[in-house]
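What the coordinates show
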Amino acid sequence: VRIMEGWTESSCLWAVCMAGSSEGKSPALNAVMNFYLDKQRELLREWEDAKAAHADDPEGTQKPGPRPTLYLTDTTIESLRRDLVSGPVLYGNDELSAWCQQMGQYKSGKAGGADKAAWTSFWSHASVSIGRKTDSFWLEEPFVAVAGMLVPGSAHHLNYQGPDEDGFVHRMLIACPPPSAMIFS
């Protein structure tokens, strides 16, 4: 979004809905995510067809690009970087506290590793240059949107394994809708 000459901001949202148990969070998230799930299935079918066609006729068909990833519900930072090669990604989770708790899970006990910092950089679309002994790649402007739900008692997990002034939680748009009336039939 171009605010004015020389000032642009991303349209990337990290949206969190915080409400109590049984307040309808999951059905609301599913209604949104179904669009992405349907599109993900379609992209994967097309990719699998292209992959099979290329295996049958490598000279006559174009090799398919990276496996398309539009929607993730669980990931590591290393895997996410590879998924972003194919384009923007939506990370959605019914319990966003799990997102924060999984950061650094494969880092030999280090408190989060650099995962929170990497996610924070993704929010601002900072370019990523990965250099590894076996694999190197470049992401010009990675785009990762986040959507999910939390119960109020889990809100502290948004700052899990890090200081509250690191900017991580400040990137989130947190909505706290009023409790809904219980209707019994």
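Reference entry: report on the structure contained in this document. If you're wondering where the values come from, they're calculated on a predicted model, not measured in any experiment.

Rules behind the numbers
- Residues numbered from 1 in each chain as written.
- Predicted model: local features only at pLDDT ≥ 70, side-chain atom pairs only at ≥ 80, totals over all residues.
- Heavy atoms only, no water.
- Helix = DSSP H or I, 4+ residues; strand = E, 2+ residues; numbered from the N terminus.
- Buried < 20%, exposed > 50% of the residue type's maximum accessible area, 1.4 Å probe, protein only.
- Contact = heavy atoms within 4.5 Å.
- Areas by Shrake-Rupley, 256 points an atom, 1.4 Å probe, with all protein chains shown as cover.
- Lys, Arg positive; Asp, Glu negative; His and termini not counted.
- Charge placed at Lys NZ, Arg CZ, Asp CG, Glu CD.
- Phe/Tyr/Trp six-rings, centres within 6.5 Å; stacked < 30°, edge-to-face > 60°.

Moving on: the overall build of the protein. Counting secondary structure elements, the protein contains four helices and nine strands. Along the protein, helices and strands appear, N-terminal first, in the series β-β-β-α-β-α-β-α-α-β-β-β-β. Referenced to the eigenvectors of the C-alpha coordinate spread, the extents of the protein come out at roughly 60 × 45 × 45 Å. In the protein, which comprises 185 residues, the proportion classed as buried is 36%. Contacts in the protein between residues far apart in sequence, at least 24 positions, make up 65% of those at least 6 positions apart. Total accessible area on the protein stands at roughly 11400 Å², and carbon and sulfur atoms take up 55% of it. Side chains of the protein give 16 positive and 23 negative charges; the mean places of these two sets differ by 5 Å.

Going through the model one piece at a time under the given rule, you end up with nine aromatic pairs. Aromatic side chains W14 and W119 sit 6.2 Å apart centroid to centroid with 75° between the ring planes, which places their arrangement in the edge-to-face category. Here W14 is found in strand β3 (residues 14–18), whereas its partner W119 is found in helix α4 (residues 115–123), with 105 residues between them in sequence. Overall, the relative accessible area of 1% leaves W14 in the buried class. The class for W119 is buried, based on a relative accessible area of 3%. A centroid spacing of 5.3 Å and a plane angle of 40° characterise the contact between W99 and F168, whose relative ring orientation is tilted. Here W99 is found in helix α3 (residues 96–102), whereas its partner F168 is found in the loop between β8 (144–150) and β9 (172–175), with 69 residues between them in sequence. The class of W99 is buried, set by a relative accessible area of 0%. Through successive ring pairs, a cluster of aromatic residues spans W14, Y91, W99, W119, F122 and F168.

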